[in-house]
Amino acid sequence: MLKCVCSFLAAALLASPLPLHGADSLIVEDGRPLAEIVIGEKPARMAKLAAKELQSYVAKMSGATLPVVTERTPGKAAIFVGMSRHTHALGLATDTLKHGAFRMASGEGWLALLGADKDFVPIEPWGRKRDKNEAARVNAEWDKITSDTFWNAASELYQRYHAELDIWEMDDAGTFNAVNEFLRGLGCRWFAPGEIGEVVPKVTTIPLPQVDRTVTPDFGFRRFSYYTQHTGIGDRALWDLRLGLNFGAEIAGFPQICHGLKFVIMRDEMKKAHPEMYLLQEGKRSTRSEGIPNLLSPLLFEKQVKHVRAMFDHFREPMHNIDLVDGYSGLTSDDPAWMAQLTPERGWSGTMSDHVWGYLNRVALELNRSHPDRLVSALAYGAYTQPPLKIKKMSPNLALIDVRHRQEFWDEAKWQERRQWRAEWLKKLPSGTYISWDFCTNARPEQVGRPVIYTQQISRDLRELKGISLGELVEVYAHPTETEKSFGYNDLAIEHLNLYLTARLYWDVNQDVNAMLADYFTNYYGPAADAMRAFVTHAEANWMHMNTDAVKIGESFDLLARAKAAADPATLPGRRIQQIMDTMKPLAALRLQLSRKHETDLSYRVLETSNTGAKPLGSKPLDGHVDKLWWGDVRIAPLIKLRPEDPQPKCGGSFQIQRDGSTLHIGIVCLEPDMKGLQTSTTQNDDPKLLKGDHVTLLIETSSRSYYEISINPAGAVYDIDHAPGGRGLVWTSGAKIAVHRGSDRWSIEMRLPIVGDDAFVLDPNTGIDGSRPKELFPWYFNLGRSRVRDGKVERTAFSPTGKSDLHVPEKLAKLWGR
């Protein structure tokens, strides 16, 4: 067993074999503790946590509990965790260590695991909790300091403190990193958060190693931001630490490093006092939500400069973000001067580059005059991703945050394009200060399911960024829906591998990623290692095709099934594989849907009601009246003739579809000059006679079922049926709320269709549409048609022409999707 532990240490700590100090230089022998953990009398927060970490994992491995003391016991081996008078006496220093770097040293009977041990100290005023009154208090104190009405960026600082660990994310974690490097040498691994993600070997004897190393990361700024949480919480906070991440406040400051302009304009007091600072849109100043800035406003420029100077002077920030509010890309304005600054000829990613960077560079230059020792940052993002053409050199204090999507770099053209843009940016940045921002968005509802793994892109990209980038923020989507939770979804069941490799490569980009993967497969999946290697290799080569290729999905499921068969489901490897299977469950329905034949490229994107510019449909009385006040004028789709040879319809029709939470709102307008001649053949629900008169029919295919029919006539009668194999026919009801309005020259329908979710058919086969909401990767398919009966003849129109006299042609169903 002693030899086994030594081999672990040699592999993880040093390139050459790791000598022991002597026969009595043991930490644990036959399950008995022979050493003690020695900390300072007033240890830093991270040093205390590191001592607990070491004590806990030595006990998990060997059953031996090492005591934690401040005074060394004579004749007993000591592990010094963090700086203390003992380490000073040994001549060990950590003064030059930065960004979580650490020192590991040893001597006769001792081992030292050391970092800089700098505790973060928040500066008043800062928010202690999520509370309106607390925010008001903090902002009032900030007003006294600034003599203005800015939002205090420290109002949410409480998010960065973990009471259960008694640490701030901004604390230096060098000592903790040293402890975990030592534990990795003993064979411990933290591939994913929580107990299910860790690997802890069982040993009886642990030697005291001989080591003298100072370890510094290749990237100083190393941050994961869990979207909707914005911080690791619980197991994820510890996982981040064990991966060796660094919040990087000493580099980029403590507030968020994006959309910093919102702190200038978001308060109601500012909006009321200075409306000219907000963009003019549709005759009004855009003060909704955080507000949309008017970059042509001289007062906005003055206010932002004032705000950043206050952040520098009061909070002593080394860098502050001056970037625009989120969602600025793609905006338009009533102001001709504002519109004239746009350059659409450069394509989407350059449309706003000169406009946005012209403003941000002016702000940076002004701040450089007063604070030449500080930096300001801004995102290359959305419509201002490309560098501006009208600025030869950016301000010397401007740091660029380049927003990319690394998983897309499997496409060589995209990889080369982003490299070219980066090269152009670096020519314009006198500061040379560059930070990358990456996204892990595969857990978003519209993407969940695919095994998106891109280890080779991670390795290649980070190797190229070394020496260029100060570091990176990775935004991780981590917000499962209730539906996703119901089928065992874990947002990091697959994504953990990408994140684990990224974090470990931040320390040394020259590591052999294939060797790291071999270690991962062996330790994480045990008897299923070879099968999981085959699954991951296939996923990395084919995930990008799994939104359109049913065969690739099937191959992936087959490989995963082989892995599942190789591991006992009750063991950790078996449970880990099951997590992946649960997370990939939506792909089974997509595979079925892709196997169906679709012969039209027509599609309809569903907007959320909040994005239409109209009043919220959820609060509208359901009266069948499809009016602009509530429905807006976006995404109005016409109904056209079914066949090319059919005559032009005498009466037009159109529809709109919007989503509000778990409800689809469908508004249908049927123009009708002969309202008295409407043919209403029944007033009873589920009466087949309804189909003999005037009516509208909606056909819906979800990823799991094909297809449903909902027909409605001018009397408000409904005929709904489940046509899918094994369906309940007319026994089924959609559960939709429907109202019909009759006007002077039209009749219209409002339908509120509940999105019941996956497994609706299993829970209640008689009610509701089976399937989660329509998304980009997992769309629904549909057609909407009108039948107008006059003088014994039927005039049929539809959104998707079927080429036949009938609407019921599943191959012609159009794509219905949203976000």
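Draft legend 1. Structural detail: the confidence of the model for the protein chain. For the protein chain, per-residue confidence averages 92 on the pLDDT scale, and residues scoring 70 or more make up 94% of the total. The low-confidence segment residues 1-23 (pLDDT under 50) makes 56 contacts with residues lying over four places distant or belonging to another chain.

Draft legend 2. Fine view of the pairing of strand β21 (residues 471-477). β21 sits mainly inside the fold: 7 of its 7 residues count as buried. Burial of the side chains of β21 extends over both faces: Gly471, Leu473, Glu475 and Tyr477 are buried on one face and Glu472, Val474 and Val476 on the other. Here 7 bridges tie strand β14 (residues 221-227) to β21, and the two strands are oriented parallel to one another. Paired with Tyr226 across the bridge in β21 is Val476. As defined by bridge partners, strand β20 (residues 434-440) adjoins β21 across 5 bridges and the pair is classed as parallel. Bridged to Trp437 within β21 is Leu473.

Draft legend 3. Summary view of the sheet that holds strand β1 (residues 26-29). Strand order in the open sheet made by the 3 strands is β2-β1-β12, with antiparallel pairing throughout. Only two strands of the sheet have a single partner each, and these edge strands are β2 (32-33) and β12 (206-207). Sheet topology note: the β1/β12 ladder contains 2 bridges and is antiparallel. Directly across from Val28, in β12, lies its bridge partner Ile206.

Draft legend 4. Representation of the packing of helix α19 (residues 550-566) against helix α21 (residues 585-594) in the model. The N-to-C vectors of α19 and α21 enclose an angle of 145 degrees; their axes lie 9 Å apart at closest approach. Pair α19 / α21 crosses with left-handed handedness. Together, Ala550, Ile553, Gly554 and Phe557 of α19 and Leu587, Ala588, Leu590, Arg591 and Leu594 of α21 make up the contact between the two elements. Class assignment of the residues belonging to the contact of α19 with α21 gives a composition of 7 nonpolar, 1 polar and 1 charged.

Draft legend 5. Structural view of the pattern of salt bridges. In total, this model carries 51 salt bridges according to the counting rule given. As a salt-bridge pair, Lys620 and Glu750 come within 3.0 Å of each other at their nearest N and O atoms. Linking Lys620 in the loop between β22 (603-608) and α22 (628-631) with Glu750 in strand β31 (residues 746-757), this pair joins segments that are 130 residues apart in sequence. Taking relative accessible area as the criterion, Lys620 reaches 4% and is therefore assigned buried. Taken together, the salt bridges that share partners define one network made up of Glu672, Asp674, Asp694, Arg786, Arg788 and Arg790.

Draft legend 6. Examining α19 more closely. Taking 1.5 Å of rise per residue, the 17 residues of α19 would be expected to cover 24 Å, and the 25 Å separating its terminal C-alpha atoms lies within 8% of that figure. Those residues of α19 that fall on the buried side of the exposure criterion are Ile553, Gly554, Ser556, Phe557, Leu559, Leu560 and Ala563. Those residues of α19 hidden inside the fold are in contact with α18 (529-542), α20 (572-583) and α21. At the N-terminal boundary of α19, the capping side chain belongs to Asp549, with an oxygen 2.9 Å from the backbone nitrogen of Val551.

Draft legend 7. The sheet that holds strand β17 (residues 319-321), seen in detail. As summarised here, the arrangement of the 6 strands in space is β14-β21-β20-β19-β18-β17, forming an open sheet in which the pairing is parallel. The open sheet terminates on both sides in strands that have one partner only, identified here as β14 and β17. Strand-to-strand twist in this sheet, taken as the mean axis angle between neighbours without regard to direction, amounts to 25 degrees. Sheet analysis places strand β18 (residues 375-380) next to strand β19 (residues 398-403), joined by 5 bridges and oriented parallel. Counterpart to Ala378 in the pairing with β19 is Leu400.

Draft legend 8. Expanded view of the packing of α19 against α20. Following both chains from N to C, one finds α19 and α20 inclined at 155 degrees, their axes separated by 9 Å at the closest point. By the angle between their axes, α19 is roughly antiparallel relative to α20. Crossing of α19 against α20: the hand is left-handed. Of the residues in α20, those in contact with Leu560, Ala563 and Lys564 of α19 are Ile577, Gln578, Ile580 and Met581.

Draft legend 9. Inspection of the state of the cysteines at higher detail. Per the stated rule, a full pass over the model turns up 0 disulfides. For Cys651, which is in no disulfide, the shortest distance to another cysteine sulfur is to Cys670 and amounts to 9.3 Å. Note on Cys670: relative accessible area 0%, which makes it buried.

Quick notes on the rules
Residues numbered from 1 in each chain as written. Predicted model: local features only at pLDDT ≥ 70, side-chain atom pairs only at ≥ 80, totals over all residues. Heavy atoms only, no water. pLDDT = per-residue confidence, 0-100. Contact = heavy atoms within 4.5 Å. Buried < 20%, exposed > 50% of the residue type's maximum accessible area, 1.4 Å probe, protein only. Helix = DSSP H or I, 4+ residues; strand = E, 2+ residues; numbered from the N terminus. Pairing = 2+ DSSP bridges. Axes fitted to C-alpha atoms, helices over the stretch in contact; angles between N-to-C directions. Left-handed = near helix turned anticlockwise from the far one by under 90°. Nonpolar A, V, L, I, M, F, W, Y, C, P; charged D, E, K, R; others polar. Salt bridge = Lys/Arg side-chain N within 4 Å of Asp/Glu carboxyl O. Expected span 1.5 Å × (residues − 1). Polar contact = N/O pair within 3.5 Å; in protein donor to acceptor, adjacent residues only side chain to side chain. Parallel < 35°, antiparallel > 145°, perpendicular 65-115°, else oblique. Disulfide = S-S within 2.5 Å.

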